[in-house]
Amino acid sequence: MTAAVKKYFQESHDLELPDKAIINIPLQWEGKVLERVEKLYEYLISDCKEAILSADVILWVTHSQGTPVSAILLKKLIEENLIQIEKQPVCMLAMAGISHGPFPSLKGNLLVKYFEADAARELFEFMDSDSDISIQYRESMAYILQSKVKTVFMGSMQDQVVPLYSAIMSGITHPNILRAVYIDGHIYSKDDFLIRLITFAIRLLNVGLSDHGFLIHISEVLAGKIYAWEGGHSTVYEELNVFMLPLQYLFETPPFGPYQIQTPKILFKSQLHDSTDRAKQKVLDKVKARLDPFQVKPRLNPFHLPWAMRGIWDDPRILNDEILSLELESLQDLFDKWNPTSAKLKEIKFRLEPLKARL
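Residues numbered from 1 in each chain as written. Predicted model: local features only at pLDDT ≥ 70, side-chain atom pairs only at ≥ 80, totals over all residues. Heavy atoms only, no water.

Draft legend 1. Looking closely at the overall build of the protein chain. Counting its regular elements, the protein chain contains 18 helices and 6 strands. Expressed as a percentage of the 359 residues in the protein chain, the buried residues total 48%. Considering only residue pairs separated by 6 or more positions, the protein chain has 76% of its internal contacts joining residues 24 or more positions apart. (Helix = DSSP H or I, 4+ residues; strand = E, 2+ residues; numbered from the N terminus. Buried < 20%, exposed > 50% of the residue type's maximum accessible area, 1.4 Å probe, protein only. Contact = heavy atoms within 4.5 Å.)

Now the structure itself:
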């Protein structure tokens, strides 16, 4: 993160930050989520309290199980005024977070059963939004979002551990969330139908629209190989541009910057849409996080995928938006040219064939 901060201020503001301007506080501890929260809280209070209180900006970076740990810990620090949210802008980058649990198929994995023990088994409790740890995590996430903590959920397209819908926490909605996906360079192509469709679905969530469940039903197809090098659960934090995104989100959107996520006009009442940016921000600051119930099933119904696609293509809020409707047209052309080679992707194309007339 330090390298990203220096690069951002150098490139965006021609400002070279000295090393002493940045304080790194590694949060390292093993164990279950609440065990880590308590140990890390004690560490921050005893060793880092002055650094936290004197910080001008707080950038919080987390990965995998660290995401629920961080949300619960952040809530605790804000409640106790150790982080003064009105004076200290906060942005959290959550990479491959375990928000809705890992892939259900990993539950019987030998690594989980015998080597990772309780901490790994606890991760599967996040698959049920009614479990005790999931409730505490979701309530903490809602609290920090409503406390103006900007949050970037970064999923990895070929994650071998965490499904994309879990990494981007699809079960929560709030204006302070920005969702994104990391794609390994060797598989990326701007003209790949599936890649464009996934990024389009994430864009829909970012502008406050529904993806009609598409990302949930496509996630199992994207899983990397857990016993091979390929798979983005760990490679996501090796890419410097991943760390640049939360900096852009924090400093280049209101209240510090001029840029905003383009939200379809249909989502705003006319009087709000025509109002000043300050008036809009006051309204958005009062928005409460919406928490949707979530229970992961071991096996998804394959017929739901084309139904989700139909929902996207028939959504009037998408069709009536100039930018989003143009992207739909591009996707229509790409689908006709799409010739997947792997068995999984061929199966996806087969499932989508009934929609070809609509596409």
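Draft legend 2. Here's a closer look at the nonpolar core. Counting residues in each nonpolar core, the largest one holds 75 residues, and the members touching the most others are Ile83, Met141, Phe214 and Leu215. Dropping the residues within four chain positions of it, Ile83 is found in contact with Ile52, Ile58, Trp60, Leu74, Leu77, Ile78, Gln88 and Val90. By size, the runner-up hydrophobic cluster in this structure holds 22 residues, among which are Ala4, Met154, Phe243 and Leu250. (Core = buried A, V, L, I, M, F, W, Y, C linked by side-chain atoms within 4.5 Å.)

Draft legend 3. Focus on the side chain of Asp159. Relative to the assigned elements, Asp159 resides in the loop between strand S3 (150–156) and helix H8 (164–167). A distance of 2.9 Å separates the side chain of Asp159 from the backbone nitrogen of Val162, its partner in a polar contact. A polar atom in the side chain of Asp159 sits 2.9 Å from the side chain of His233. (Polar contact = N/O pair within 3.5 Å; in protein donor to acceptor, adjacent residues only side chain to side chain.)

Draft legend 4. Quick look at the packing of aromatic side chains. Taken as a whole and judged by the stated rule, the model has 8 aromatic pairs. Each ring, one from Tyr8 and one from Phe9, has its centre 5.4 Å from the other, and the planes form 85°; the classification is edge-to-face. The two residues Tyr8 and Phe9 agree in class, both being buried. The ring of Tyr249 has Lys150 lying over it, and the distance from NZ or CZ to the ring centre is 5.0 Å. (Phe/Tyr/Trp six-rings, centres within 6.5 Å; stacked < 30°, edge-to-face > 60°. Lys NZ or Arg CZ within 6 Å of the ring centre and 35° of its normal.)

Draft legend 5. Fine view of the side chain of Asp321. Within the secondary structure layout, Asp321 lies in the loop between helix H16 (316–319) and helix H17 (322–337). Of the side chains with opposite charge, Arg203 comes closest to the buried, unpaired Asp321, at an N-O distance of 7.0 Å. Here Leu324 takes part through its backbone nitrogen, which lies 3.0 Å from a polar atom of the side chain of Asp321. (Lys, Arg positive; Asp, Glu negative; His and termini not counted. Salt bridge = Lys/Arg side-chain N within 4 Å of Asp/Glu carboxyl O.)

Draft legend 6. A look at the environment of Leu352. Secondary-structure assignment places Leu352 in helix H18 (residues 343–352). Placed 17 residues apart in sequence, Leu352 and Phe335 show a C-alpha to C-alpha distance of 9.5 Å. Other than its neighbours up to four places away in sequence, Leu352 contacts Phe193, Leu305, Pro306, Met309 and Phe335.

Draft legend 7. Structural context of the pairing of strand S5 (residues 177–182). Within S5, 6 of the 6 residues are buried, which leaves it mostly tucked inside the rest of the structure. With 6 bridges joining them, S3 and S5 adopt parallel strand pairing. If you follow Thr151 over to S5, its bridge partner there is Ile177. (Pairing = 2+ DSSP bridges.)

Draft legend 8. Expanded view of the sheet that holds S3. Spatial strand order, S1-S2-S3-S5: 4 strands in an open sheet with parallel pairing. The outermost strands of the open sheet, each flanked by one partner alone, are strand S1 (58–63) and S5. In this sheet, adjacent strand axes meet at a mean angle of 15° when their direction is disregarded. The pairing of S1 with strand S2 (residues 90–95) spans 6 bridges and is classified as parallel. Considered in S2, the bridge of Trp60 is made with Met92. (Axes fitted to C-alpha atoms, helices over the stretch in contact; angles between N-to-C directions.)

Draft legend 9. Structural detail: the pattern of salt bridges. Enumeration over the complete set of coordinates arrives at 9 salt bridges. Residue Lys6 is joined to Asp19 by a salt bridge in which the shortest nitrogen-to-oxygen separation is 2.1 Å. Separated by 13 residues along the polypeptide, Lys6 in helix H1 (residues 2–13) and Asp19 in the loop between H1 and helix H2 (33–47) bring together distant segments of the chain. Note that Asp118 is salt-bridged to Arg121, the shortest N-O span being 2.9 Å. With Asp118 and Arg121 both in helix H6 (residues 117–122) and 3 residues apart, the pair spans about one turn of that helix.

Draft legend 10. Molecular detail of the pairing of S1. Burial along S1 is one-sided: Ile58, Trp60 and Thr62 are buried, while Leu59, Val61 and His63, pointing the other way, are not. On the question of chirality, the crossover connecting S1 to the parallel S2 by way of helix H4 (residues 66–79) is right-handed. (Right-handed = clockwise from strand over helix to strand, strands pointing away.)

Draft legend 11. Here's a closer look at the packing of helix H15 (residues 304–314) against H18. Relative orientation of the contacting elements H15 and H18 amounts to 60°, with a least axis distance of 9 Å. One element, H15, and the other, H18, form an angle in the oblique class. As H15 packs across H18, the resulting crossing turns out to be right-handed. Every residue of H18 that contacts H15 at Leu305, Pro306 and Met309 is listed here: Ile348, Arg351 and Leu352. Tallied by class, the residues present in the contact of H15 with H18 amount to 5 nonpolar, no polar and 1 charged. (Parallel < 35°, antiparallel > 145°, perpendicular 65-115°, else oblique. Left-handed = near helix turned anticlockwise from the far one by under 90°. Nonpolar A, V, L, I, M, F, W, Y, C, P; charged D, E, K, R; others polar.)

Draft legend 12. How the structure looks around unusual backbone geometry. The peptide bond linking Pro254 to Pro255 adopts the cis configuration, its omega dihedral lying at 10°. Notably, Asp14 is not glycine yet its phi reads approximately 50°, a positive angle. Inspection of the secondary structure assignment puts Asp14 in the loop between H1 and H2. A positive phi angle is found at Met169, which is not glycine, with a value near 45°. Met169 gets classed as buried once you look at its relative accessible area, which sits at 0%.

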